[in-house]
Protein chains: 2
Amino acid sequence: MKQLVHRTIEQYAMIPDGARVLCGLSGGADSVSLLLCLHELGYDVCACHLNHGLRGAQADADEAFCRALCERLAIPFYAEVCDAGAAAAQQKQSVETAARALRYAFFDRCAQKCGAARIATAHTADDNLETMLFHLIRGTGSAGLAGIPPVRGTIIRPLIAVERRQVEEYLVQRGQDWRTDATNLDNSCTRNRIRHTVIPALRDIEPAAARHAAQAAALLRQDNDCLDALVQVGGTSVSAARLRDMPEALASRAVRDMLVHAGTPMGEVGQRQIAAVLALARKKSGTASLPGRRRALRRGNEIRIEPMPPETGQVELVPEKPVRFGAYLVCITRKIQDIHSSFKFYPIAYDTINTVCLSVRRWRPDDRMTLPGARGARSLKRLYAERGIAPEQRDALPVLCCGGEIVAAAGIGVDSRYCGTTGAFAVAHDADGRKKRGAKV
Amino acid sequence: MKQLVHRTIEQYAMIPDGARVLCGLSGGADSVSLLLCLHELGYDVCACHLNHGLRGAQADADEAFCRALCERLAIPFYAEVCDAGAAAAQQKQSVETAARALRYAFFDRCAQKCGAARIATAHTADDNLETMLFHLIRGTGSAGLAGIPPVRGTIIRPLIAVERRQVEEYLVQRGQDWRTDATNLDNSCTRNRIRHTVIPALRDIEPAAARHAAQAAALLRQDNDCLDALVQVGGTSVSAARLRDMPEALASRAVRDMLVHAGTPMGEVGQRQIAAVLALARKKSGTASLPGRRRALRRGNEIRIEPMPPETGQVELVPEKPVRFGAYLVCITRKIQDIHSSFKFYPIAYDTINTVCLSVRRWRPDDRMTLPGARGARSLKRLYAERGIAPEQRDALPVLCCGGEIVAAAGIGVDSRYCGTTGAFAVAHDADGRKKRGAKV
């Protein structure tokens, strides 16, 4: 095992010459053998242990075990206690996710404190195979199928090619014991089922399954890294033609790159979202909603990722009182002659509307209205399109409703049932909101 | 299922407009539903069935079932009987491999006969997941992990996104029965174990495992196709610098491309062979053995794949009789004055050699000899290198042995124990073998 770890460290240039390495030490077989092995190989190691505050006396015994091990080996040791349960409740995460975030933050703090340039975690080839299977049955792409990265920033995984079996052999040979964690914090229920049912079945068929899967992961990682390096959009927009002409493998990565630049939470981005953005490259216009209140927008020959315009809710309307609707000021009035020239107004038959249930809101996909002279109702979507109002502008425009009915839509006009000249629906773009708000309509 | 099959056919442009499709029909649920579904979707289908000659009466019943089904649907039907067992024995293959080769050859013949532009096989998402797992635990790269290709040449797999569960539902809904093959010709023992133990465990964890794995396979295939398209060496040689400067994902594909061009049997090429060729890019010279009697050769700044030079066995030698050794003529003679000027000769002490056990052979890695004046024995490898004889030339040069001892080596000289001037070891490059053979030395 020692040779294999040494080869892995060399292969991925994990540890710069003379650099100090911080080992995350839980007390389990994997992390104990990692610490021991790096120590035996002559690296300058220190260790840290986080008590997640979840398992009471057992956790205290784990910490004592780790402390004693490091004392015996004269390895600097840091320990801390946190409350993963409380963090999970507060951030509405699973305990596993919260514990993981606390742990990596703790690793970073400790590395700073002891001047470690690298943080070693004890993930093995078995963990890697679990991760690959986990992603395989979830349908994630090559990045997920490539398993656990041997190196990610300052995090290194020197045991990534070592099987769990080898880890235990290594410790038994040295008469070194370890602690067994009954809860296995790092593993969700699904992962535990993969570990306890699927992996033994695969190992039964092919004893070297985990080692072979590690080789496969390394090849997939090479592929993925190579493709990632080939597409660096480097911004939040790209020409639709460029996206359309790329091989699909590159186009989907180009979209991911734009999403990252636009600050989209990538954990929530799946194939469906990527496909929706790619579909824009084959359309004339359109938008696609994205996680984190982002959207993709096709405008002319460009596809751009941008924050969603602020959602404008429904706003109640009282006649003669201008109210703000997103970037607009709107008002219902009988005094057409008093309307300020900066307002666009749509004349209505004031007496046909029920003034106690007036509101403005943004358009909805099933909205329809009948214009004067038209033969029937048509969708707002189509009416906007005919007037050349781009999809991204439509969401901001106010639609005047009376009860559930559409009276008028800014940019389009007034429904035939409400046409007249005894009042008006007045709309102004709120270029200077504060000044206008006090002004007369 | 019908919609899913239709979408798959569209997505991969599987069937050109109006083209006829030949279905491989075993009588099992997968192929029966494939035929039925293509028929219902309105494609012009025909079907063929190969009786592998392995299961007697049961196989005859399968054929009768397929024939009846096609008659009822008025679909042209072709059947043939072969002897897969005999073919396997003759070609020293497993019965599965032999049956597969016979089947695909039969498909090609039938497609020709009935004018089908495409051959549809009934591989499902479950087959694909099995293939992916099979390759995962064997450590193959992205091409293998990408599973079963939806399209390969004229072979198409319209059911590749369909789960086996859906196939059976589809047939049950239609009241269509199918045959159950007890031996499952297409599956090796390993594959059957994956099918019967691992897949059910995965489906237990994630019911949509096969469907998700099909998505993952499609993404990996995009990646792999994109990378393959990026590196087309297009020949059997490449500059070492170019290979060294490529990302590893491309370099390994460049090597594969060269191996294909050199006619190497790719089924026998693994990561180890690829790595050996890549290693040549970081050396000054060297060779690497490859399957199919091919080798990779570093010469100057070039890496080339070429056929291994013909192996020259050991050739017995009788004094005064010139014999052929590969591209050389060699002879042991007492008559130094008679040696033709086209021969290079190495003077020896004739009486020190036992003339009844003389032979010439090519050098071996553990060969050593002591030259006159030298302090001790040195390896032939080193002596060749000192004389500037390139590695690829060494294999052709004759080494003269007496019993187990080396007397002399062409290109180097005579061992100190056999030095003298009462005879000679004469060697000529056989530029015109036939003329020289009759000639005097």
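In this text, all values refer to a predicted model and were calculated from it rather than measured experimentally. Residue positions are given per chain, counted from 1 along the sequence in the order it is written. A letter from A marks each chain and a number from 1 marks each ligand, given out in the order of writing. Local features in this predicted model are restricted to residues of pLDDT 70 or higher, and side-chain atom pairs are both shown and tallied only at a pLDDT of 80 or more, whereas totals for entire chains, interfaces and linings draw on every residue. Neither water nor hydrogens contribute to the side-chain values; these are computed over all heavy atoms in the structure.

**Here's the deal with the overall build of chain A**
Here is step 1 of the chain: By definition, any uninterrupted DSSP run of H or I lasting at least four residues is a helix, any uninterrupted run of E lasting at least two residues is a strand, and each is numbered from the N terminus. Within chain A one finds 16 helices and 21 strands.
Here is step 2 of the chain: A buried classification covers 52% of the 441 residues belonging to chain A.
Here is step 3 of the chain: We call two residues contacting when some pair of their heavy atoms lies within 4.5 Å. Restricting to contacts in chain A with at least 6 residues of sequence separation, those with at least 24 account for 67%.
Here is step 4 of the chain: With the model as given, the accessible surface of chain A reaches about 20300 Å², and the carbon-plus-sulfur share is 50%.
Here is step 5 of the chain: The charge count treats Lys and Arg as positive and Asp and Glu as negative. His and the chain ends do not count. One atom stands in for each charge, and that atom is NZ of Lys, CZ of Arg, CG of Asp or CD of Glu. If you average the places of the 60 positive and of the 47 negative side-chain charges in chain A, the two averages end up 9 Å apart. For every residue, the accessible area obtained with a 1.4 Å probe (protein chains only) is divided by the maximum for its type, and the residue is called buried under 20%, exposed over 50%, and partly exposed between those limits. Only the protein chains shown count as cover for residues, with accessible areas throughout obtained via the Shrake-Rupley method and a probe of 1.4 Å.

**With respect to unusual backbone geometry**
Residues and elements named next belong to chain A.
Here is step 1 of the chain: One non-glycine residue, E320, lies in the positive phi region at around 75 degrees.
Here is step 2 of the chain: As for its position among the elements, E320 is in the loop between β11 (315–316) and β12 (323–325).
Here is step 3 of the chain: By relative accessible area, which is 30% here, E320 ends up partly exposed.

**Focus on the interface of chain B and chain A**
Here is step 1 of the chain: Across the boundary between the two partners, chain B contributes 39 residues, which contact 39 residues of chain A.
Here is step 2 of the chain: In total, chain B and chain A occlude about 3300 Å² of area from one another, counting both sides; carbon and sulfur atoms represent 73% of this.
Here is step 3 of the chain: The largest per-residue losses of area from chain B upon contact with chain A belong to B:L136, B:I137 and B:I205, which jointly make up 20% of the total buried on that side.
Here is step 4 of the chain: A carboxyl oxygen of Asp or Glu within 4 Å of a side-chain nitrogen of Lys or Arg is what we treat as a salt bridge. Counting across the chain B and chain A interface gives 4 salt bridges.
Here is step 5 of the chain: Close ionic contact of A:R193 with B:D204 constitutes a salt bridge, the shortest N to O distance being 3.9 Å.
Here is step 6 of the chain: Here a polar contact is taken to be a pair of N or O atoms separated by no more than 3.5 Å, where protein atoms must pair a possible hydrogen donor with a possible acceptor and residues adjacent in sequence count only if both atoms sit in side chains. Put simply, chain B and chain A have 8 residue pairs in polar contact (both at pLDDT 80 or more) between them.
Here is step 7 of the chain: Elements that contribute at least two residues to the side of chain B that touches chain A include exactly α6 (125–136), α7 (142–145), α9 (189–205), α10 (209–230) and α12 (248–261) of chain B.
Here is step 8 of the chain: In terms of residue count, the dominant contributor to the side of chain B that touches chain A is α10(B) (12 residues).
Here is step 9 of the chain: Residues are grouped as follows: Ala, Val, Leu, Ile, Met, Phe, Trp, Tyr, Cys and Pro are nonpolar; Asp, Glu, Lys and Arg are charged; every other residue, Gly included, is polar. Taken together, the residues of the side of chain B that touches chain A sort by class into 22 nonpolar, 10 polar and 7 charged. Buried area is understood as the total, over both parts, of accessible area removed when two parts are fitted together, assessed with a 1.4 Å probe.

**Focus on the sheet that holds strand β1 (residues 20–24) of chain A**
Residues and elements named next belong to chain A.
Here is step 1 of the chain: Here, any two strands with at least 2 DSSP bridges between them count as paired. The strand order across the open sheet formed by 6 strands is β3-β2-β1-β4-β6-β5, and the pairing between neighbours is mixed. Every other strand in the sheet has two partners, leaving β3 (77–81) and β5 (151–152) as the edge strands with one partner each.
Here is step 2 of the chain: Bridge count between strand β2 (residues 44–51) and β3: 5 bridges; the pairing is parallel. Of the residues in β3, the one forming a bridge with C48 is Y78.
Here is step 3 of the chain: Packing against the sheet, helix α3 (residues 56–73) makes contact with β2 and β3, and its axis sits at approximately 170 degrees to β2. With axes taken as lines fitted to C-alpha atoms, and helix axes fitted only over the stretch in contact, angles between N-to-C directions fall between 0 and 180 degrees.

**With respect to the pattern of salt bridges**
Residue and element names in this part refer to chain A.
Here is step 1 of the chain: Counted according to the given criterion, the structure contains 60 salt bridges over all chains.
Here is step 2 of the chain: Linking R165 and E169 is a salt bridge whose minimum nitrogen-to-oxygen distance equals 3.3 Å. With R165 and E169 both in helix α8 (residues 164–173) and 4 residues apart, the pair spans about one turn of that helix.
Here is step 3 of the chain: Of the residues examined, R165 reaches a relative accessible area of 43% and is grouped as partly exposed.
Here is step 4 of the chain: In this structure, E405 engages R417 in a salt bridge whose closest nitrogen and oxygen atoms are separated by 2.7 Å. In this pair, E405 sits in strand β19 (residues 405–409) while R417 sits in the loop between β20 (413–414) and β21 (423–429), placing the two residues 12 residues apart along the sequence.
Here is step 5 of the chain: Here E405 falls in the partly exposed class, since its relative accessible area comes to 34%.
Here is step 6 of the chain: Salt bridges linked by common partners bring D126, E163, R165, E169, R203 and R211 together as one network.

**Let's talk about the UniProt feature "domain: Lysidine-tRNA(Ile) synthetase C-terminal" (unreviewed entry) in chain A**
Here is step 1 of the chain: UniProt positions are given in the numbering used here, feature names are shortened, and annotations may be inferred rather than shown by experiment. Within this numbering scheme, the UniProt entry marks residues 358–429 of chain A as carrying the feature "domain: Lysidine-tRNA(Ile) synthetase C-terminal" (unreviewed entry).
Here is step 2 of the chain: Across residues 358–429 of chain A one finds 15% helix and 36% strand; the C-alpha atoms that close the span lie 20 Å apart.

**Structural notes on the state of the cysteines**
Here is step 1 of the chain: By convention in this document, the label disulfide applies to cysteine sulfur atom pairs within 2.5 Å. In total, this model carries 0 disulfides over all chains according to the counting rule given.
Here is step 2 of the chain: The thiol of A:C82 is not disulfide-bonded; the next cysteine sulfur, from A:C110, is found 11 Å away.
Here is step 3 of the chain: The class of A:C82 is buried, set by a relative accessible area of 16%.
Here is step 4 of the chain: Counting only cysteine sulfurs, B:C226 is the nearest neighbor of A:C226, a cysteine outside any disulfide, at a range of 8.2 Å.

**Re the packing of aromatic side chains**
Here is step 1 of the chain: Two rings from Phe, Tyr or Trp (for Trp, the six-membered ring) form a pair when their centres sit within 6.5 Å of each other. Planes less than 30 degrees apart are called stacked, planes more than 60 degrees apart edge-to-face, and all others tilted. Enumeration according to the criterion identifies 8 aromatic pairs over all chains in this entry.
Here is step 2 of the chain: Judged by centre distance (6.1 Å) and plane angle (35 degrees), the ring pair of A:Y346 and A:F425 falls under tilted. You can see A:Y346 sitting in strand β14 (residues 344–348) and its partner A:F425 sitting in strand β21, a full 79 residues away along the chain. Each member of the pair, A:Y346 as well as A:F425, is classed as buried.
Here is step 3 of the chain: Here A:W363 and A:Y384 contribute two aromatic rings whose centre-to-centre distance is 5.8 Å and whose plane-to-plane angle is 80 degrees, an arrangement assigned as edge-to-face. You can see A:W363 sitting in the loop between β15 (358–361) and β16 (368–369) and its partner A:Y384 sitting in helix α14 (residues 380–386), a full 21 residues away along the chain. The same class applies to A:W363 as to A:Y384, namely buried.
Here is step 4 of the chain: Three or more aromatic residues joined by ring pairs form one cluster here, namely A:Y104, A:F106 and A:F107.
Here is step 5 of the chain: Definition used: whenever NZ (Lys) or CZ (Arg) falls within 6 Å of the ring centre and also within 35 degrees of the ring normal, the charge is taken to sit over that ring. Across from the ring centre of A:F134, 4.6 Å away, lies the NZ or CZ of A:R138, which sits over that ring.
Here is step 6 of the chain: Between B:R152 and the ring centre of B:Y104, over which it is positioned, the NZ or CZ distance is 5.9 Å.

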